[in-house]
Amino acid sequence: MNIRFDGKRALVTGAGKGIGRDVVKKLVECGAETIALSRTQSDLDSLKQECPSIIPVLCDLADSESISTALKDCGPIDLLVNNAAIAICESFFDANTADFDKTFDINVKATIVVSQIVAKGMIERKAGGSIVNVSSQASLRGLKNHLIYAASKAAVDSVTRTMSLELGPHNIRTNAVNPTVTNTAMAKVGWSDPVKVKAMTSLIPLGRFAEVSEVVSVILFLLSDFSSMVSGSCVPIDGGCVAS
Ligand code: NDP
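So, a few notes on the structure that sits alongside this text. All residue numbers refer to positions counted from 1 along the written sequence of the respective chain. Owing to the predicted nature of the model, reporting of local features is limited to residues with pLDDT of at least 70; listing and counting of side-chain atom pairs is limited to 80 or more, with chain, interface and lining totals taken over all residues. Computation of side-chain values covers all heavy atoms of the structure but excludes hydrogens and water.

A few words on the site of the ligand. Near, as used in this document, describes a residue that has one of its heavy atoms within 4 Å of the molecule or strand being considered. Every one of the 30 residues lining the ligand counts as a neighbour, but K17, R39, T40, Y149 and T184 are closest to it. Contacts described as polar in this section are N or O atom pairs within 3.5 Å, which, within protein, must combine one atom able to donate a hydrogen with one able to accept it, while residues neighboring in sequence count only if both atoms come from side chains. Separating an oxygen atom of the ligand from a backbone N or O atom of I19 is a distance of 2.8 Å. A distance of 2.4 Å separates an oxygen atom of the ligand from a polar side-chain atom of T184. For the ligand, the accessible surface in isolation is 890 Å², of which the surrounding protein chains cover 93%. Every element with two or more residues in the shell around the ligand is listed here: α1 (18-29), α5 (147-167) and α6 (185-190). Of the residues forming the shell around the ligand, the biggest block, three residues, is contributed by α6. Partitioned by chemical class, the residues of the shell around the ligand number 15 nonpolar, eleven polar and four charged. Residue-level accessible areas treat just the shown protein chains as cover; the underlying method is Shrake-Rupley with a 1.4 Å probe. A helix here means a DSSP run of H or I that spans at least four residues, while a strand means a run of E at least two residues long, and both kinds are numbered starting from the N terminus. Amino acids outside the nonpolar list (Ala, Val, Leu, Ile, Met, Phe, Trp, Tyr, Cys, Pro) and the charged list (Asp, Glu, Lys, Arg) are all regarded as polar, and Gly is one of them.

In terms of nonpolar packing, the biggest core is built from 30 residues, with F5, V23, L27, I219, L220 and L223 touching the most fellow members. Secondary structure elements with two or more residues in this core: β1 (9-13), α1, α2 (41-50), β4 (79-82), β5 (129-134) and α8 (212-223). Per-element tally for this core: the top contributor is α8, with seven residues. Contacts were defined at the residue level, with two residues in contact if any of their heavy atoms lie within 4.5 Å. Apart from residues lying up to four places away in sequence, F5 is in contact with L27, C30, G31, A32, L79, L220, L223 and S224. In plain words, nonpolar cores are sets of buried Ala, Val, Leu, Ile, Met, Phe, Trp, Tyr and Cys residues tied together by side-chain atoms within 4.5 Å. Buried, partly exposed and exposed residues are distinguished by accessible area as a fraction of the type maximum, computed with a 1.4 Å probe on protein chains only: under 20%, between the cut-offs, and over 50%, respectively. If you look at the next biggest cluster of nonpolar residues, it comprises 28 residues, including I67, I77, A119 and M163.

Distance thresholds for patches are 9 Å for like charges and 5 Å for nonpolar side chains (Val, Leu, Ile, Met, Phe, Trp, Tyr), applied to residues having over 30% relative accessible area and no salt bridge. Salt bridge, as used here, is a side-chain nitrogen of Lys or Arg placed within 4 Å of a carboxyl oxygen of Asp or Glu. Taken together, the side chains of F92, F93 and L147 present a nonpolar region at the surface, about 390 Å² in accessible area. Residue position: L147 is located in helix α5. By relative accessible area, L147 is classed as partly exposed at 36%.

A separate point is unusual backbone geometry. Within the chain, N145 stands out as a residue other than glycine whose phi angle is a positive 65 degrees. Within the secondary structure layout, N145 lies in the loop between β5 and α5. Backbone geometry places N171, a non-glycine residue, at a positive phi of 60 degrees. Here N171 falls in the exposed class, since its relative accessible area comes to 56%.

Just distances and angles here, no functional claims.
Structure (structure tokens):
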């Protein structure tokens, strides 16, 4: 499958590190003019060095008021990856309202606000488009000590389905990917204890966590016309965990 995005413009949030950073690199490799949004300038600087064609946008998505200002000069966008998220690992009784607000502001509210801005442009241009929201396996299975994070990702799945209903008639497809633990900086937050790692990998029929490239390839497929009849889906990238 030779995916090409020549003539397309893409926006990736949370592009500084991990999955988002590699999605940007792959989009550039596939010919897309790519806008990389993140909140740490040094990450954007190093990404720009690696991929000189990118358009870096510094923005903290926690501040929803600043999003439209940050995106106002970005021009038309055909492909959107809502990837930015935070993970605060807390049990049911440790979870507090400040962490709830912080998590939902970034993981859910910003996904909606960015998508509204981008989809409005797609509709005005009658151009169609493809949006991928990066959710998590945590939305599909109970997971101890991830109360707020898992709830935020379940909200992302729900937002994905509603977007697919309302944007579909405008030829805009919306899907989510739901990766299992993937080897990035975020994974280190909850998965540095070998006992926990063993407990989780034992639930995964393929017996291991995901590599970043295995998540990136599904995102690129969902952005591309190779998935032209797929919309409203939440696609596990989990080695069979959800099925087990
Ligand atoms: P990382 O923590 O490695 O990278 C996240 C990126 O998002 C960073 O560049 C970070 O910037 C940026 N970001 C976070 N908050 C904001 C914000 N408020 N405004 C702008 N940018 C922000 O995460 P991953 O690559 O591991 O995760 C990417 C996505 O994949 C997330 O949606 C995550 O929930 C999901 N996921 C990850 C899994 C995993 O095991 N890694 C498993 C399942 C899903 P900065 O570093 O400057 O804060």
